[in-house]
Each structure stands twice: as C-alpha cells, then as structure tokens.
Amino acid sequence: MSWDKNKLISKIEIQEKITETTVNFAEEFGGYLAQKEDTAEPLTTSQLRKFFGEVKRQQMIGYDETEFVMLKPKLAYAVGRAKQNGRRGKVQKIEDFYYVMADAIDKVESSTDKPKAFKNFITAFEAIVAYHKAEEKK
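Keep in mind that this is a model prediction, so the values were computed, not measured.

Draft legend 1. Spotlight on the layout of surface pockets. Of the voids in this model, the largest pocket is the one considered here, and its volume is about 500 Å³. Around the largest pocket, the lining comprises 20 residues; the ones closest to its centre are Q47, K50, A78, R81 and I94. Listing elements by their share of the lining of the largest pocket, those giving two or more residues are α3 (45-61), α5 (71-85) and α6 (93-109). When residues in the lining of the largest pocket are grouped by element, the largest group, 8 residues, is from α5.

Draft legend 2. How the structure looks around α6. In this model, α6 (17 residues) spans 24 Å end to end at C-alpha, consistent with the 24 Å of a helix rising 1.5 Å per residue. For α6, the buried fraction is high: 13 of the 17 residues fall into the buried class.

Draft legend 3. Examining the nonpolar core more closely. Grouped together as the largest cluster of nonpolar side chains are 32 residues, with contacts concentrated most on I12, F29, F51, F97, M101, F121 and F125. Every element with two or more residues in this core is listed here: α2 (20-34), α3, α5, α6 and α7 (114-136). When residues of this core are assigned to their parent elements, the largest contribution, 8 residues, is made by α7. Look past the residues within four positions of F121 in its chain and what remains in contact with it is I14, V55, F68, M101, A104, I105 and V108.

Draft legend 4. Structural view of the pattern of salt bridges. Taken as a whole, this structure holds 9 salt bridges when the rule is applied. The partner of E126 in a salt bridge is K56, with the nearest N and O atoms 2.7 Å apart. You can see E126 sitting in helix α7 and its partner K56 sitting in helix α3, a full 70 residues away along the chain. For E126, a relative accessible area of 31% gives the class partly exposed. Where salt bridges share partners, they join E54, R57, E67 and K74 into one cluster.

Draft legend 5. The arrangement of the packing of α6 against α7 in detail. For the pair α6 and α7, interaxial distance at closest approach is 8 Å and the crossing angle is 160°. Between α6 and α7, the crossing angle belongs to the class labelled roughly antiparallel. As for how α6 packs across α7, the hand of that crossing is right-handed. Taken together, the residues of α7 that come into contact with α6 (itself represented by F97, M101, A104, I105, V108 and E109) are K114, A117, F118, F121, F125 and I128. Broken down by class, the residue content of the contact of α6 with α7 amounts to 10 nonpolar, no polar and 2 charged.

Reading the values: the criteria
Residues numbered from 1 in each chain as written. Predicted model: local features only at pLDDT ≥ 70, side-chain atom pairs only at ≥ 80, totals over all residues. Heavy atoms only, no water. 1 Å grid on protein atoms, 1.4 Å probe; cavity = no way out; pocket = protein on both sides within 12 Å on 5 of 7 lines; lining within 4 Å. Points joined across faces, edges and corners; volume = space filled by probe spheres on them. Helix = DSSP H or I, 4+ residues; strand = E, 2+ residues; numbered from the N terminus. Expected span 1.5 Å × (residues − 1). Buried < 20%, exposed > 50% of the residue type's maximum accessible area, 1.4 Å probe, protein only. Core = buried A, V, L, I, M, F, W, Y, C linked by side-chain atoms within 4.5 Å. Contact = heavy atoms within 4.5 Å. Salt bridge = Lys/Arg side-chain N within 4 Å of Asp/Glu carboxyl O. Axes fitted to C-alpha atoms, helices over the stretch in contact; angles between N-to-C directions. Parallel < 35°, antiparallel > 145°, perpendicular 65-115°, else oblique. Left-handed = near helix turned anticlockwise from the far one by under 90°. Nonpolar A, V, L, I, M, F, W, Y, C, P; charged D, E, K, R; others polar.

The values reported here are purely geometric and, on their own, carry no functional implication.
Now the structure itself:
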C-alpha cells in the first residue's frame, strides 16, 4: 500500500506552531513508515537516522537557509539509492518520507519566521522518529 500523496501534503502544520493535527499526523505517518508490507519496503531505522542526524547537526549550528534547503536533494539521493537497491515491484516508503519532508522544508522556506518554523520542523520530525520507533518495536 502506498500512502496517498494528497494525504501527505498539508498535514504538517509548522509555520506558526505545532498543532494537534501535526502530532496526529506524525503518529499515523511514523507508524506507516515502519510497517512491513508485502508490497512496500519499510523505511529502515538506518535511513531515518541518517537524515535525522543531518537535521540535528543543522539544529546545533542554527538555521542556515542554504544548508537547510540542501536537505531535499540529499533525501532525493537516498530515494534513488533505495529504488536501485530495493526489490523489484516493491514501493519504497522512503519515497513517501521524501514527499512529506520536502513539503515541510517548503513550508519552512515560505514562512515569515523561518527560524521558528525550522524549530517546529525539527520538533515535528522528532515526533515522526518517535512514532516510527514505537511501531517498529511492535
């Protein structure tokens, strides 16, 4: 099962504040990414941690627009690698992860208060990681 891309977009509200909608989405999406399915490869902890590590590194140095927008091509590269290395005919959930993160990055970039939206982006991403881990342990 592939995640409906229309369902992915606009569910992360991070420009002004983290909302209950964002938390609920993080729970649903994080769980979905970790689930093993016959037709879809789950997002691995390694794939998630690699991206998470880069986001946390950026958090430590503070918001830098150039560094931040470069997250999109780095993640696109990971999607390409996963498709190349994945089993034929299986959907790669990392691609769904890319759509969500790219949308969230765009929301930060279109915000009037980018540093605040960046902080909210990190908080929302941490929630997705937490729910991914919780589902993985089931």
